[in-house]
Amino acid sequence: MIQEYANFLTHLECGLSGERHESGQVHGLSRAQKPLLARYDLPKLKENVDRDEVWARDGGFWKWRELLPVAKTKNICALGEVDTPLIGLSRLHPNAKVLVKDEGRLPTGSFKARGLALAVAMAKELGLSHLAMPTNGNAGAALSAYASRLGMQSTVVCPDDTPAINIEETALHGARVLKANGLINDCGAWVKAGAEQGKWFDLSTLKEPYRIEGKKTMGLELAAQMKWSLPDVIFYPTGGGTGLIGMCKAFEELLELGWLDKTDIPRMVAVQAEGCAPIVRAFERGERFAEVWPDAHTFAAGIRVPAAVGDFLILDGVRNSGGFAIAIGDEQIEQARLAVAREEGLLLCPEGAATYAAYVQARAEGLVTVDETAVLFNCATGLKYPMPGAGIALDLKGQTF
Ligand SMILES: *Cc1c(COP(=O)(O)O)cnc(C)c1O
């Protein structure tokens, strides 16, 4: 028997103006061309749903059904989702509490699974059949896997220097993969043009309302894992910013539900690469919207996003929480990756390594203290990324050991 859950979705709201949009219809951006946020009947949810019963369920992020938009269980695509572990960096920081939330354990090896699983399920529920998206790598693989699992068609467009492993993994999962001679925002413009001609539905970051709901589960899961409290500070590798925005939304909803025992909200830190830091620049200038970053470059492809449609939501989230934005050089990222792998046995992705480098820098600058609990997001398995060559030649006929 298929288990159904109560659905509390009421409507969608423009993230900038708050203008109401109806649920039950296909939406892209709001009428103001800004991201739409899903809204729920939280007072009713509070009366009817028990947080500990929800947390005791299996199914990884799907356990938060009442706080998610999908109404019918048949539209859900499950691939063995798990709650991702919090792993302490106790050798590198014996006196501090530094926890890595390792999102590389999710299906397709990255936290893109959270957002895309929800976006694809909602697309199915709303009757769409062909989904398209630009990607720097991980999002494409997650879209392709979840869409295929629900019998839907997908088209993925990526810059032609996207790592082969991402392109091949995405293609193996069934998507049509196009390698374009441009950056991610150029690919996005092409996908948008195709969507306007009715070729497919555009599933770009924040250009439809539900990826954010999937990423929101990182905040819900973190709160439950920390016994319904939250860390002092969260370091998030910020590209399109879906996860940072989603977690801020999760914390607001948890507060409104009264599900937190300790109601302090973490300072949110947006981590970017020095070669692509539009949010850091806007933060430092005190601006609410970020200018496009020219000639974006960093080997941390997941945060190589020169323009984010949710820029103001990221910046609001950082500022309202008392957090900050910080840029890290590629060399520092590489060093951080080596240090954590060698000392802690944890192979981070470059974007995750950037959050560790940012933590070290923030500690050195006094922005974070030793007695504060910090959570760093490692968003993908380190196994998907190029590694330095290694191994020493051995002549088995020789006698030296
Ligand atoms: C997508 C991605 C990011 C950025 O996530 P956003 O929520 O879009 O800012 C960071 N790291 C990796 C590995 C990614 O795939």
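Residue numbers here run from 1 along each chain, matching the order of that chain's written sequence. Owing to the predicted nature of the model, reporting of local features is limited to residues with pLDDT of at least 70; listing and counting of side-chain atom pairs is limited to 80 or more, with chain, interface and lining totals taken over all residues. Side-chain numbers come from the whole structure's heavy atoms, not from hydrogens or water.

Caption draft 1: Region of the structure containing the side chain of R211. We count a stretch as a helix when DSSP gives it H or I for four or more residues in a row; a strand needs E for two or more, and each element gets its number in order from the N terminus. Here R211 is to be found in helix 7 (residues 211-225). Burial classification: accessible surface area is computed with a 1.4 Å probe over protein chains only, and a residue below 20% of its type maximum counts as buried, one above 50% as exposed, and the rest as partly exposed. In this tally Asp and Glu are treated as negative and Lys and Arg as positive; neither His nor the chain ends contributes. We count a salt bridge whenever a side-chain nitrogen from Lys or Arg sits within 4 Å of a carboxyl oxygen from Asp or Glu. Of the buried charged residues, R211 lacks a salt bridge, with E208 as the closest side chain of opposite charge at 5.2 Å. With sequence-adjacent residues up to four places away left out, R211 is seen in contact with K112, G115, L116, A119, M133, A139, L203, S204, T205 and T242. By definition in these notes, contact holds between two residues if any of their heavy atoms fall within 4.5 Å.

Caption draft 2: Representation of the sheet that holds strand 9 (residues 201-202). When DSSP finds at least two bridges between two strands, those strands are taken to pair. The strand order across the open sheet built from four strands is 8-7-6-9, with neighbouring strands paired in parallel fashion. Each having just a single partner strand, strand 8 (176-180) and strand 9 make up the two edges of the open sheet. Bridge count between strand 7 (residues 153-159) and strand 8: five bridges; the pairing is parallel. Across the sheet, T155 pairs through a bridge with R176, a residue of strand 8.

Caption draft 3: Representation of the domain arrangement of the chain in the model. Annotation comment: domain bounds sourced from an automatic or database domain assignment. For the chain, the assigned domains read domain 1 (9-75), domain 2 (86-108 + 210-382) and domain 3 (112-202). A C-alpha centroid distance of 24 Å is found between domain 2 and domain 3. Taken together, the contacts link 20 residues of domain 2 with 24 residues of domain 3. Accessible area, probed at 1.4 Å, shrinks when two parts are joined; the buried area is that loss added up over both. For the pair domain 2 and domain 3, the summed buried surface comes to about 1,800 Å²; carbon and sulfur atoms form 59% of the total. The tally of links from domain 2 across to domain 3 stands at three salt bridges. The closest approach of N and O atoms between D161 and R304, which form a salt bridge, is 3.6 Å. N or O atoms within 3.5 Å of each other form a polar contact, as long as, within protein, one can give a hydrogen and the other can take it, and as long as residues adjacent in sequence are counted only when both atoms are side-chain atoms. Taken together, the connections running from domain 2 to domain 3 amount to five residue pairs in polar contact (both at pLDDT 80 or more). Among the elements that make up the side of domain 2 that touches domain 3, the one with the highest residue count is helix 7 (seven residues). Here the residues of the side of domain 2 that touches domain 3 sort into 10 nonpolar, three polar and seven charged. Note on residue categories: nonpolar means Ala, Val, Leu, Ile, Met, Phe, Trp, Tyr, Cys or Pro, charged means Asp, Glu, Lys or Arg, and polar means any other residue, Gly included.

Caption draft 4: Local environment of the packing of helix 11 (residues 330-344) against helix 12 (residues 350-364). Axes here mean lines fitted to C-alpha atoms, for a helix over just the part in contact, with angles spanning 0 to 180 degrees between N-to-C directions. In the contact formed by helix 11 and helix 12, the axes pass within 8 Å of each other and the chain directions differ by 95°. As judged from the angle between their axes, helix 11 and helix 12 are roughly perpendicular. Together, Q332, I333, A336, R337 and V340 of helix 11 and P350, A353, A354, Y356, A357 and Q361 of helix 12 make up the contact between the two elements. When its residues are assigned to classes, the contact of helix 11 with helix 12 shows eight nonpolar, two polar and one charged. Roughly parallel here means an angle under 35 degrees, roughly antiparallel means over 145, roughly perpendicular means 65 to 115, and every remaining angle is called oblique.

Caption draft 5: View of the pattern of salt bridges. Inspection of every chain in the model, using the stated rule, returns 25 salt bridges. Residues K262 and D264 are paired through a salt bridge, measuring 3.9 Å at the closest nitrogen-oxygen approach. Between R285 and E287 there is a salt bridge, with its nearest N and O atoms 4.0 Å apart.

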